[in-house]
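This is what each chain is made of:
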Amino acid sequence: MKPNKKILVALAIVALIATALVIKARRGDSSKQVAVAVASEQAIRPTILASGVLAYLNEVNLTSEVVAKVREILVKEGDTVVEGQLLLRLDPETYRNAIEREEASRRQGVISIERQRLALALAEKKLARGAQLFERKMIGQSEYDDLRNARDLTRVELKSSEEALRRADAILGEAREQFSKTDIRSPIGGVIVALPIKVGETAIASTNAFAGAQLMKIADTSAIQAELMVDEADVSKIALGQDVNVYAAAYPDLALVGKVHQIALAPTLVNQGRSYEVTALLEAPKDIALRSGMSARADIFLGDGGNKLAVPVEAVGTDVDEAKKATRFVWVDRDGLARKVTVEVGLSDDKWEEITSGLKAGDRVITGPGKVVRGLVEGERVSEIEEKSDKDSDAADESDIEVEVTDE
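Below: a short report on this structure. Bear in mind the structure is a predicted one, so any value in this text is a computation, not a measurement. (Residues numbered from 1 in each chain as written. Predicted model: local features only at pLDDT ≥ 70, side-chain atom pairs only at ≥ 80, totals over all residues. Heavy atoms only, no water.)

Turning our attention to the overall build of the chain. The secondary structure content of the chain amounts to five helices and 22 strands. Each of the 408 residues in the chain was classed as buried or not, and the buried ones make up 31%. In the chain, the proportion of contacts linking residues at least 24 apart, taken out of those at least 6 apart, comes to 74%. With the model as given, the accessible surface of the chain reaches about 26,000 Å², and the carbon-plus-sulfur share is 51%. (Helix = DSSP H or I, 4+ residues; strand = E, 2+ residues; numbered from the N terminus. Buried < 20%, exposed > 50% of the residue type's maximum accessible area, 1.4 Å probe, protein only. Contact = heavy atoms within 4.5 Å. Areas by Shrake-Rupley, 256 points an atom, 1.4 Å probe, with all protein chains shown as cover.)

See below:
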């Protein structure tokens, strides 16, 4: 390229730049370009995440109240049973022998009472005859007192025998009750969901996790619930009746709809942190097989999900004064000027934040860019960023002129 042509190209570039600066100066475009959103009614549904397990609503771990070997099991896992149905028989011989022993003891008590009654009747007759003789001065005071004391002693012995009979009756009743507990019956109607005991094993009267302690588990599978653990920082936001979406591990894309049914009053220690158990009743579809013990995650919805005046969450800022008191605010575009407005906020989700005071529907709230918003001052001129259309982009492409300079 010859020197004169290089100079001409350089001058042309300088002229273009100068022209752009002059046009900008004439327009007086000194405002900051900002993104604007209009405050409007939005559906806000904040959620709390929780995890837990599924469990049947009515579930019973059946254990024995006596120690005995399992003689007969009348059901198998998966069977449907009704309340009061006989499920299992334990060996009753030990308890049958106890009944026979206590019945014999009771019979002895009855015989003792009969003997004491006869002795009392005899003592009464002797005392009556002694009274007649004493009136006739045929016996002395000492002999009469002996007869009366003998009568009183016999009366006391009769009362003692009667109390012994009552005790024998109570022991016999207890023995019969223990004997009746060798027949295990269903306390509820439902399905046998677990049957760990086998014939010949010894049932143990214990609620601990010993072999033989649990006979079987019965559950009403028609209703299921989610037992969720909620962090102590979030439990205060949850109320009875709030909507819950539960996702079982076996059906990760299926939302099981439910409502909060119960909130624990006492915490549970989980990984050195405190959590509270929240129970949600679920409306489980009948065409899927949900089982107790399945792990699950849940979204607990706060609020009623109704429309509220809201702005994008990125539009709300926070000022903290020397007393560490936080004040929420937004920047509003009013006639091309930035105005800082103090607001009060309510619920928020990932996108929207509720404005309870300070704004009205239709206010133009500045949302970004973040760097520009952080540098705004009260009364500064602002203008909304205009999005380029496809036609504008095509026109800009056509205005780019490619100048080809060739050597002569």
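From this point, things continue past the structure.
Considering only enclosed or pocket space, the largest pocket measures out at about 210 Å³ in volume. For the largest pocket, the full set of lining residues is Tyr 56, Thr 221, Ser 222, Ala 223, Ile 224, Leu 282, Ala 284, Pro 285, Lys 286, Ile 288 and Leu 290. A total of four residues in the lining of the largest pocket trace back to one element, the largest contributor, which is strand E10 (residues 214-231). Its residues assigned to classes, the lining of the largest pocket shows eight nonpolar, two polar and one charged. (1 Å grid on protein atoms, 1.4 Å probe; cavity = no way out; pocket = protein on both sides within 12 Å on 5 of 7 lines; lining within 4 Å. Points joined across faces, edges and corners; volume = space filled by probe spheres on them. Nonpolar A, V, L, I, M, F, W, Y, C, P; charged D, E, K, R; others polar.)

Turning our attention to the pairing of strand E21 (residues 364-368). Most of E21 is tucked away, with four of its five residues classed as buried. For strand E1 (residues 32-38) and E21, the ladder comprises four bridges, and the chain directions are antiparallel. Note on E21: the bridge partner recorded for Ala 37 is Val 365. (Pairing = 2+ DSSP bridges.)

With that settled, the discussion passes to the sheet that holds strand E6 (residues 86-90). On the basis of which strands lie adjacent, the open sheet formed by four strands has the order E7-E6-E4-E9 and antiparallel pairing. Looking at the sheet topology across the chains shown, the edges are occupied by strand E7 (183-185) and strand E9 (202-203). Bridge count for E6 against E7 is three bridges, and the pairing is antiparallel. Looking at the pairing, Leu 88 lines up with Ile 184 of E7.

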